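Observations on chain architecture
Chain by chain, the residues:
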Amino acid sequence: MKKEQSAVKADPDKKRQMALGPENYQLMLIGFAVIVLGFILMIGGGSEDPVHVFDESMFSFRRITLAPIVVLAGFVFEIYAIMKKPNTKKED
């Protein structure tokens, strides 16, 4: 028996398209930058003598609350950037 050809035939004039468009990649770079910014907000110095000196800045609003929210927002933005339908404009 011969293998049956699929009912959908490829149009020779139709160009192959990427799954994501250039706009998607730009949005993904922005999301990546937001995630990196969140991790940068988390970093900070520690105490040189952690046994005898307690560093209060370790538990600051920036490190405990703001930075995780920024990172989470970056991941949500990344999901949006991937799921966004790319523009399909035909150029004549």
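Because the structure is predicted, anything quoted here is derived from the model rather than measured. (Residues numbered from 1 in each chain as written. Predicted model: local features only at pLDDT ≥ 70, side-chain atom pairs only at ≥ 80, totals over all residues. Heavy atoms only, no water.)

1. Let's talk about the overall build of the protein chain
In terms of regular secondary structure, the protein chain is built from two helices and zero strands. Here the protein chain, with 92 residues, has 18% of them falling under the buried criterion. Contacts in the protein chain between residues at least 24 apart in sequence constitute 72% of all its contacts with a sequence separation of at least 6. Approximately 8,600 Å² of the protein chain is accessible, and the part contributed by carbon and sulfur atoms is 64%. (Helix = DSSP H or I, 4+ residues; strand = E, 2+ residues; numbered from the N terminus. Buried < 20%, exposed > 50% of the residue type's maximum accessible area, 1.4 Å probe, protein only. Contact = heavy atoms within 4.5 Å. Areas by Shrake-Rupley, 256 points an atom, 1.4 Å probe, with all protein chains shown as cover.)

2. Focus: the environment of leucine 20
Turning to its location among the elements, leucine 20 is positioned in the segment before helix 1 (22–42). Classification of leucine 20 as buried rests on a relative accessible area of 19%. It is 7.8 Å that separates the C-alpha atoms of leucine 20 and lysine 85, two residues lying 65 residues apart in sequence. Leave out the neighbours within four places in its chain, and leucine 20 touches Tyr25, Met28 and Ile82.

3. Details of the pattern of salt bridges
Scanning the model with the defined rule gives one salt bridge in all. Ionic pairing is found between glutamate 23 and lysine 84, a salt bridge with its closest N-O pair at 3.3 Å. Of this pair, glutamate 23 sits in helix 1 while lysine 84 sits in the segment after helix 2 (61–83); the two residues are 61 residues apart in sequence, bridging distant segments of the chain. Judged by its relative accessible area of 32%, glutamate 23 falls in the partly exposed class. (Salt bridge = Lys/Arg side-chain N within 4 Å of Asp/Glu carboxyl O.)

4. Some remarks on the packing of aromatic side chains
Within this structure, the stated rule accounts for one aromatic pair. With a centroid separation of 6.0 Å and 45 degrees between ring planes, the pair formed by phenylalanine 77 and tyrosine 80 is classed as tilted. You can see phenylalanine 77 and its partner tyrosine 80 sitting in helix 2, three residues apart, about one turn around the helix. With a relative accessible area of 28%, phenylalanine 77 lands in the partly exposed category. (Phe/Tyr/Trp six-rings, centres within 6.5 Å; stacked < 30°, edge-to-face > 60°.)

5. What to know about the side chain of arginine 63
Within the fold, arginine 63 resides in helix 2. Setting aside its immediate chain neighbours within four residues, arginine 63 contacts Leu41, Met42, Ile43, Gly44, Gly45, Ser57, Met58 and Pro68.

6. Some details on helix 2
Note: α-helices contain 3.6 residues per turn, so residues at a spacing of three or four share the same orientation. An ideal rise of 1.5 Å per residue puts 33 Å on 23 residues; helix 2 measures up with 32 Å between its terminal C-alpha atoms. Taking the largest bend as the criterion, helix 2 deviates by roughly 30 degrees, centred on alanine 67, and proline proline 68 comes between one and four positions later. Within the sequence span of helix 2, burial applies to Arg63, Ala67, Val70, Val71, Gly74, Glu78 and Ala81. (Expected span 1.5 Å × (residues − 1). Bend = angle between axes of the 7 residues up to and from the residue.)

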